[in-house]
Amino acid sequence: MKNKRWIVYLVFTALLMASPAMLNRYWTDVLNVVGLYVMLALSLNIILGHCGMFHMGHAAFYAVGAYTTAILNTTCNLPVLWLMPVSGLLAGLFALVIARPIIHLRGDYLLIVTIGFVEIVRIALINNVFGITGGANGIFGIDRPTVFGMKIRTPAQFFYLIWFFVAVTIFLFHKLEHSRFGRALNYIREDDVAAAGSGIDTAHYKLIAFVIGAVWAGFCGTLFAAKMTIIAPESFNFWESVLLFMIVLLGGRGSIPGVILGTFLVIGLPELFRQFATARMLVFGAVMIGMMIFRPEGILPPQPRAYRLDGSAEPEEAA
Amino acid sequence: MEFFFQQLTNGLAVGGIYALIALGYTMVYGVLKLINFAHGDLFMIGAYLGLTLLTALGLADRLGPFGVIAALAAMVLVLVAILGVLLERVAYRPLRQAHRLSAVVSALGASIFFQNIVMIVYGAKFLVYPHDLLPRTVVHLFGMPVPLIRILILVASVVMMVALYTFIQRTKIGTAIRAAAIDQGAARLMGINVDRVIALVFVIGPALGGAAGLMVGVYYGQINFTMGWIYGLKAFTAAILGGIGNIPGAMVGGLLLGLIEAFAAAYLSIAWKDAFAFCVLILILIVRPTGLLGERVAEKV
């Protein structure tokens, strides 16, 4: 069983890596968008999937990252990829400041507050806050990224750049999931009173989860700005946050393969049905209801944690 | 002073509309602990149905201006209520035992479905309500001119809210709804048919939302298939502001939000209007984490 899973993953990865050679520019670009959303959804997965906080404002952190990159690149001419840590850091700092007073809010109250933040950020961007965001038109003329002296411009080149970062994300988040930290988050999700009773500083862990998710969204913002070369407030509206929220829940909360599959379905499928133009979103809505009815835990829910009897803390995938 | 008074009446009229939509959110939340994201779209469908019935039946010639509105309201209320019950049957009932978030995704799916079906049927453009539906009368209140329509909207929404409140507090069925909201299992043991209570909530909430949709159509004169999101979000904010699950809370929250928006747009900055509403919400929730009238929920251990 475990081996079968690995074979599926390997075949999928190999196919994906070879895909730019088989697909035209348009479809490669669709895969690039999917890659960005995979990274974003995985970062939201830490907050929503693992820690169980109802966070529907992830686009706000994404926006902070993208605008940091865009502003510093166009005004100070700093190379785009070097701005990635800066963007992540600023997004994380922003998350820290706003999450601090609201982290104790319960479920749905947190949900509306995060929605509020994403709307406030969007309105601030439209109104050209501090005179640096370029208003409703946004910022254009962002440089292409350069890797080892090579300028990245074609969709195929971007494909490898984006999916390289996706791979790094998957690796790190897999490690995180199976760490002490990951287990603490899961405990908080299942029952935060019991978690607090067992000596887990819930507010502290929740805050860290929030900040990690935000930092990662900031990284994605850099990639997005570099890929588009133009960014505008409408790319970071409430709907983006809702899409990410749906990806995580549709794929399976707290499951990395689930979230990846969910992204392919939510972002990729509507592209596949583009010829049906108007009806595709109608079908999409109906499919979402159907999927939830038949698989309420998501398509690929995480496998339960299992431990060897010899007392080693190394978690094994359940057979 | 007159400017202030204009903002006050405008804020109250818009607030009344928000409150009506917010009641739908809060009632569904009360019994199912579900944020019904498709509620805003039911409101939008109410606005579209009102326009369709108005033009298709040619009522305006046969009945007087107020007769038209009353007849339209009655039909829209019934139709949207039917849709609400269908929504609950198809999208929410199978998920009653599932995790709360699964139902939220189902609600988002239903919302996308409704929006797109309206877009396919009516097109993506703004549709316009006839201008001469109601006479553009201006009434003088305390010596200040106020458009009649604002007073009508405010009065109609207050009447509906008071009727609902009385119904919930004073009748046997209302008691059943309150009981189901507190503890579904216990309510079932007391002989309450919880499924019927939930169906009833999905009659009342969407009906009020549909009425609000009609009001927006008549008040602003134009409707669009995306307006469900915008108003839905505002009304949801209002419901949370007052304390979700709490019926008087939704009324207070709605009126308060309408006033905040009207005054912020008039005295501070129209471009930042929506941001102010959310800022106030966040500030209130920091001070009172369960909203203005929300009860403190005891932590289960």
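Note that the structure is predicted; figures quoted are calculated from it, not measured.

Novice: How should I be thinking about the overall build of chain B in this particular structure?
Specialist: Scanning chain B from N- to C-terminus turns up 12 helices and 4 strands. In terms of C-alpha radius of gyration, chain B reaches 19 Å, essentially the compact-globule figure of 19 Å for 301 residues. Across its three principal axes, chain B shows a C-alpha extent of roughly 55 × 45 × 35 Å. Scored against the burial criterion, the 301 residues of chain B give a buried share of 53%. For chain B, contacts bridging at least 24 residues in sequence account for 77% of all contacts bridging at least 6. Taken as a whole, chain B presents about 12,800 Å² of accessible surface, with 70% of it coming from carbon and sulfur.

Novice: Mind showing me how you'd approach the overall build of chain A here?
Specialist: In terms of helices and strands, chain A carries 12 helices and 6 strands. For chain A, the proportion of its 319 residues judged to be buried stands at 53%. Of all intrachain contacts in chain A linking residues separated by at least 6 positions in sequence, the fraction that spans at least 24 positions is 76%. If you sum the accessible surface of chain A, you get close to 14,000 Å²; carbon and sulfur atoms cover 68% of it. Each charge class in chain A can be summarised by its mean position, and for the 22 positive and 17 negative side chains these summaries are 5 Å apart.

Novice: Hey, could you run me through the environment of Trp27(A) in this one?
Specialist: Residue and element names in this part refer to chain A. Tracing the backbone shows tryptophan 27 in helix α2 (residues 25-50). Here tryptophan 27 falls in the partly exposed class, since its relative accessible area comes to 27%. Those residues within four positions of tryptophan 27 in sequence are excluded, and the remaining contacts are Glu271 and Leu272.

Novice: In this structure, what is going on with the packing of helix α7 (residues 172-182) of chain B against helix α9 (residues 194-220) of chain B? I would like to understand it.
Specialist: Think of two packed helices as two axes; the pair is described by the angle between the axes and how far apart they sit. Residues and elements named next belong to chain B. Close contact between α7 and α9 brings their axes to 10 Å; oriented N to C, the two are set at 105°. When the axis of α7 is compared with that of α9, the two are roughly perpendicular. Side by side, α7 and α9 meet where Ile173, Ala176, Ile177 and Ala180 of the first sit next to Val197, Leu200, Val201 and Ile204 of the second. Grouping the amino acids of the contact of α7 with α9 by side-chain chemistry returns 8 nonpolar, no polar and no charged.

Novice: Could you clarify how one ought to interpret unusual backbone geometry in this entry?
Specialist: In the Ramachandran plot, Asn77(A) falls in the positive-phi region, its phi being about 60° despite a non-glycine side chain. Relative to the helices and strands, Asn77(A) resides in the loop between α3 (58-76) and α4 (83-102).

Novice: Would you explain the interface of chain B and chain A in this entry?
Specialist: Accessible area lost upon the coming together of the parts is a frequently used measure of interface size. On the side of chain A, 44 residues touch chain B, which itself brings 48 residues to the contact. Taken over both partners, the interface formed by chain B and chain A buries close to 3,900 Å², and the fraction arising from carbon and sulfur atoms is 80%. It is Leu101(B), Val105(B) and Ile112(B) that lose the most area in chain B upon contact with chain A, and together they represent 15% of the buried surface on that side. At the boundary of chain B with chain A, the tally comes to 1 salt bridge.

Novice: Sorry, what's going on with the packing of aromatic side chains here?
Specialist: One pair of aromatic rings is described through two measures. These are the centre distance and the angle between the planes. Residue and element names in this part refer to chain A. Tallying each qualifying case throughout the model produces 29 aromatic pairs over all chains. Between phenylalanine 159 and tyrosine 160 the ring centres are 5.1 Å apart and the planes differ by 90°, which places this aromatic pair in the edge-to-face class. Here phenylalanine 159 falls in the buried class, since its relative accessible area comes to 0%. According to the relative accessible area criterion, tyrosine 160 is partly exposed, its value standing at 40%.

Novice: For this particular structure, what's the right way to read the layout of surface pockets?
Specialist: A probe as big as a water molecule, rolled over the atoms, marks out the empty space that is left. Residues and elements named next belong to chain A. The space that makes up the second largest pocket amounts to roughly 1,300 Å³. Lining the second largest pocket are 44 residues, with Tyr9, Ile170, Ile256, Pro257 and Ile260 positioned closest to its centre. Per-element accounting of the lining of the second largest pocket gives the leading share, 9 residues, to helix α1 (residues 2-22). Its residues placed into classes, the lining of the second largest pocket shows 25 nonpolar, 9 polar and 10 charged.

Novice: I'm lost on a nonpolar patch on the surface in this one. Help?
Specialist: All names here are of chain A. A cluster of nonpolar side chains, contributed by Ile7, Val11, Leu15, Met22 and Leu23, occupies part of the molecular surface with about 490 Å² of accessible area. Relative to the assigned elements, methionine 22 resides in helix α1. For methionine 22, a relative accessible area of 57% corresponds to the exposed category.

Novice: Before we go on, may I ask you to explain the pairing of strand β3 (residues 144-147) of chain B in this structure?
Specialist: The side chains of a regular strand alternate, first on one face of the sheet and then on the other. Residues and elements named next belong to chain B. Bridge analysis of strand β2 (residues 138-141) against β3 gives 4 bridges, and the strand direction is antiparallel. The residue of β3 that forms the bridge with valine 138 is proline 147. Turn length for the β2-β3 hairpin, with the two strands adjacent in sequence and antiparallel, is 2 residues, and the turn residue phenylalanine 142 shows positive phi of about 50°.

Novice: Would you mind showing me how to read the packing of helix α11 (residues 247-268) of chain B against helix α12 (residues 273-287) of chain B here?
Specialist: Residue and element names in this part refer to chain B. Running from N to C, α11 and α12 cross one another at 130°; their axes reach a closest spacing of 9 Å. With respect to α12, the axis of α11 lies oblique. Like other packed secondary-structure pairs, α11 and α12 cross with a definite hand, here right-handed. Between α11 and α12, the contacting residues are Leu257, Ile260, Glu261, Ala264, Ala265 and Leu268 on the first element and Lys273, Asp274, Phe276, Ala277 and Val280 on the second. Of the residues assigned to the contact of α11 with α12, the class counts are 8 nonpolar, no polar and 3 charged.

Novice: Please clarify how the pattern of salt bridges should be interpreted in this entry.
Specialist: Side chains that differ in sign of charge can pair as their charged atoms come close. Residues and elements named next belong to chain A. In this structure the tally under the stated criterion is 12 salt bridges over all chains. Among the salt bridges present, the one from lysine 206 reaches aspartate 192, with a minimum N-O distance of 3.7 Å. In this pair, lysine 206 is assigned in helix α9 (residues 202-228) and aspartate 192 in helix α8 (residues 192-197), connecting sequence segments 14 residues apart. Looking at lysine 206, the relative accessible area reads 13%, which means it is buried. Given the relative accessible area of 31%, aspartate 192 is considered partly exposed.

The rules behind the values
- Residues numbered from 1 in each chain as written.
- Chains lettered and ligands numbered in written order.
- Predicted model: local features only at pLDDT ≥ 70, side-chain atom pairs only at ≥ 80, totals over all residues.
- Heavy atoms only, no water.
- Helix = DSSP H or I, 4+ residues; strand = E, 2+ residues; numbered from the N terminus.
- Rg over C-alpha atoms; globule rule 2.2 N^0.38 Å.
- Buried < 20%, exposed > 50% of the residue type's maximum accessible area, 1.4 Å probe, protein only.
- Contact = heavy atoms within 4.5 Å.
- Areas by Shrake-Rupley, 256 points an atom, 1.4 Å probe, with all protein chains shown as cover.
- Lys, Arg positive; Asp, Glu negative; His and termini not counted.
- Charge placed at Lys NZ, Arg CZ, Asp CG, Glu CD.
- Axes fitted to C-alpha atoms, helices over the stretch in contact; angles between N-to-C directions.
- Parallel < 35°, antiparallel > 145°, perpendicular 65-115°, else oblique.
- Nonpolar A, V, L, I, M, F, W, Y, C, P; charged D, E, K, R; others polar.
- Buried area = accessible area lost by both parts, 1.4 Å probe.
- Salt bridge = Lys/Arg side-chain N within 4 Å of Asp/Glu carboxyl O.
- Phe/Tyr/Trp six-rings, centres within 6.5 Å; stacked < 30°, edge-to-face > 60°.
- 1 Å grid on protein atoms, 1.4 Å probe; cavity = no way out; pocket = protein on both sides within 12 Å on 5 of 7 lines; lining within 4 Å.
- Points joined across faces, edges and corners; volume = space filled by probe spheres on them.
- Patch = residues over 30% accessible without salt bridge, like charges linked within 9 Å, V, L, I, M, F, W, Y side chains within 5 Å.
- Pairing = 2+ DSSP bridges.
- Left-handed = near helix turned anticlockwise from the far one by under 90°.

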